[in-house]
Amino acid sequence: MPELSNGANHIYGEAAFEVLAKAQELERQGKHILHFEIGEPDMETPDNIAKAGIQAIRDKKTHYTPSIGILELRKAVQDEVEKTRGYRPDLEQIIITPGLKPGIFFSMLAIVDTGDEVIYPDPGYPTYGSTTSFIGAKKVMVPLLEENDFRMNPNDIRERITSKTKLIVINSPQNPTGSVMTKKELEEIAEIAEEHDIFILSDEIYSKMTYETRHYSPTVRDEAKERTILLDGFSKYYAMTGWRLGFMVTPVKMAERLKDFLVTSISCTAEFTQWAGVEALTGDQSFIPRMMKRFKEKRDRIVKGLNSIPGFNCLSPKGAFYVFPNIKETGMSSQECADHLLYNAGVAALPGTAFGPYGEGYLRFSYATTLENIDEAVKRIKKSFKDTE
Ligand SMILES: Cc1ncc(COP(=O)(O)O)c(C=O)c1O
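Residues numbered from 1 in each chain as written. Predicted model: local features only at pLDDT ≥ 70, side-chain atom pairs only at ≥ 80, totals over all residues.

Caption draft 1: Region of interest: the packing of helix α12 (residues 334-345) against helix α13 (residues 371-387). In the contact formed by α12 and α13, the axes pass within 9 Å of each other and the chain directions differ by 95°. Between α12 and α13, the angle falls in the class roughly perpendicular. The segment α12 lies against α13, with H340, L341, N344 and A345 engaging R380, I381, S384 and D387. Within the contact of α12 with α13, the residues separate by chemical class into three nonpolar, three polar and two charged. (Axes fitted to C-alpha atoms, helices over the stretch in contact; angles between N-to-C directions. Helix = DSSP H or I, 4+ residues; strand = E, 2+ residues; numbered from the N terminus. Parallel < 35°, antiparallel > 145°, perpendicular 65-115°, else oblique. Contact = placed C-beta atoms within 7 Å. Nonpolar A, V, L, I, M, F, W, Y, C, P; charged D, E, K, R; others polar.)

Caption draft 2: Structural context of the domain arrangement of the chain. Domain assignment breaks the chain into domain 1 (6-44 + 287-387) and domain 2 (63-282). Relative placement of domain 1 and domain 2: their C-alpha centres are 26 Å apart. Those elements that place two or more of their residues in the side of domain 1 that touches domain 2 are α1 (6-10), α11 (287-307) and β9 (322-323). For the side of domain 1 that touches domain 2, the class distribution of residues is 16 nonpolar, nine polar and seven charged. (Domains from an automatic or database assignment.)

Caption draft 3: Highlighting the sheet that holds strand β6 (residues 199-203). Taken together, the seven strands give an open sheet; going across it, the order is β2-β8-β7-β6-β5-β3-β4, and neighbouring strands pair in mixed fashion. With partners counted over all chains shown, the strands left at the sheet margins are β2 (94-97) and β4 (138-143), one partner each. On average, each strand axis in the sheet is tilted by 20° relative to the strand beside it, whichever way the strands run. With six bridges joining them, strand β3 (residues 117-122) and β4 adopt parallel strand pairing. Directly across from Y120, in β4, lies its bridge partner M141. Sheet strands in contact with helix α4 (residues 71-85) are β2 and β8 (246-249), and its direction is about 115° off that of β2. Helix α5 (residues 101-111) rests against β2, β5 (165-171), β6, β7 (228-233) and β8 of the sheet, and its axis sits at about 175° to β6. (Pairing = 2+ DSSP bridges.)

Caption draft 4: Main features of the site of the ligand. Taken together, the neighbourhood of the ligand is formed by 13 residues, with G99, L100, K101, N175 and S235 sitting nearest. Classifying every residue of the shell around the ligand by side-chain character gives three nonpolar, eight polar and two charged. (Near = placed C-beta within 6 Å.)

Caption draft 5: Quick peek at unusual backbone geometry. The omega angle of the peptide bond from S172 to P173 is -10°, so this bond is cis rather than trans. Tracing the backbone through its elements, the reader meets P173 in the loop between β5 and α8 (183-196). Omega for the peptide link from N175 to P176 comes to 20°, which places this bond in the cis form. If you trace the backbone, P176 turns up in the loop between β5 and α8. Residue D197 is not a glycine yet carries a positive backbone phi of 55°.

Caption draft 6: View of helix α6 (residues 126-135). Burial analysis of α6 places seven of its 10 residues in the buried class, the great majority of the element. Of the positions making up α6, those classed as buried are T127, Y128, G129, T131, T132, F134 and I135. Summarising the contacts, the buried residues of α6 are in contact with α1, α5, β3, β4 and β5. Remark: G136 follows α6 within two positions and exhibits a positive phi of approximately 85°. (Buried ≥ 20, exposed ≤ 12 C-beta atoms within 10 Å, placed from the backbone.)

Caption draft 7: Structural detail: the sheet that holds β9. Read from one edge to the other, the open sheet built from three strands follows the order β9-β12-β11, with strand pairing classed as antiparallel. With partners counted over all chains shown, the strands left at the sheet margins are β9 and β11 (350-351), one partner each. Pairing between β11 and strand β12 (residues 363-366): two bridges, direction antiparallel. Looking at the pairing, P351 lines up with L363 of β12.

Caption draft 8: Focus on the pairing of β7. Counting buried residues along β7, six of its six residues qualify, which places the element largely inside the surrounding structure. Neither face of β7 is open: one carries T228, L230 and D232, the other I229, L231 and G233, and all of them are buried. Relative to β8, β7 is paired through four bridges, and the arrangement is antiparallel. Paired with L230 across the bridge in β8 is V249.

Caption draft 9: Quick peek at the packing of α4 against helix α10 (residues 271-282). Running from amino to carboxyl end, α4 crosses α10 at an angle of 25°, the nearest separation of the two axes being 9 Å. The angle between α4 and α10 falls in the class roughly parallel. At the point where α4 passes α10, the crossing takes the left-handed sense. Across the interface between the two elements, E72, L73, A76, V77 and E80 from α4 touch Q274, G277, V278, L281 and T282 from α10. (Left-handed = near helix turned anticlockwise from the far one by under 90°.)

Have a look at this one:
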């Protein structure tokens, strides 16, 4: 075969899908696996949203739309950003995408050139590093430390800025640690970006998924008009991962260029999905507090359970639906521990290193499962360590 492109040789995938494949292979062999590797809510899309999508198909909303999305949804996003972030973006700043992920990919393609530097959290969502690597830019990781509750420290960002820094990626609430950054920290990072004339990409996919605290967006500072880009979506808090629906709020000049990225690559987001999105944003919102109440109970249960396992130490995160226990005292590496859990306890969790080198010594558990499964997993893990003593 002739050589593939440089980009093709540098883009990389996600370990979550690999672990899922391993777990499914074990299931085919008749083993019973408890799943903690999957990054999606264990609830179905609320009925009012699903019905709106079905009705849209019946109403023949199955055609191409403008590449940046239907006006009705862009207007709903405008109201939503005003309600949740406290500023009203112009309609020209708003773009609809099939999931949040394309928002990351296209933003980075529109901002970053080969040789530029991208600052992002580590451990962090793999798409940031993979896209940086695809572009041939330099990956500049900011370690998220347990001592700082896994929050990004603005000083660590400041220290890493060079004349080549083009973009800072922020993700709060965060995957994989569940950390939520403070308003003060986010304001400080927005100031640093302004001082050095750098873009900020703010991945806020878990914005409505916080406990005991509130989400804050660094895009408030310039209202996404100059250098900040707000990305959010419907996947997590409306349990719509498979629908593929997200939105971006960007400076107008960038939005104009992004439009051509969309025309060239995807044409548009599915029309009926967008109508389901209108219902999600404008219809009954009671699903979210109900889901979060359940998640809080599960968080408390899994934190307590993991902390009762010798060698495990787990903080209680303030957002998303992940915990990131420290497993260093087991004497195993992240990968060894994840494999041990999968093969000896039938518990599928991700090694922290799936989210970058600073994830070494940790595991990620998604607690989007039942309380019974959480209890059973803790029991099985304890037994597996006893059996292999
Ligand atoms: C931090 C973060 N950003 C983006 C995404 C992807 O969102 P979507 O499914 O809407 O593309 C995820 C999904 O796991 C995520 O954890």
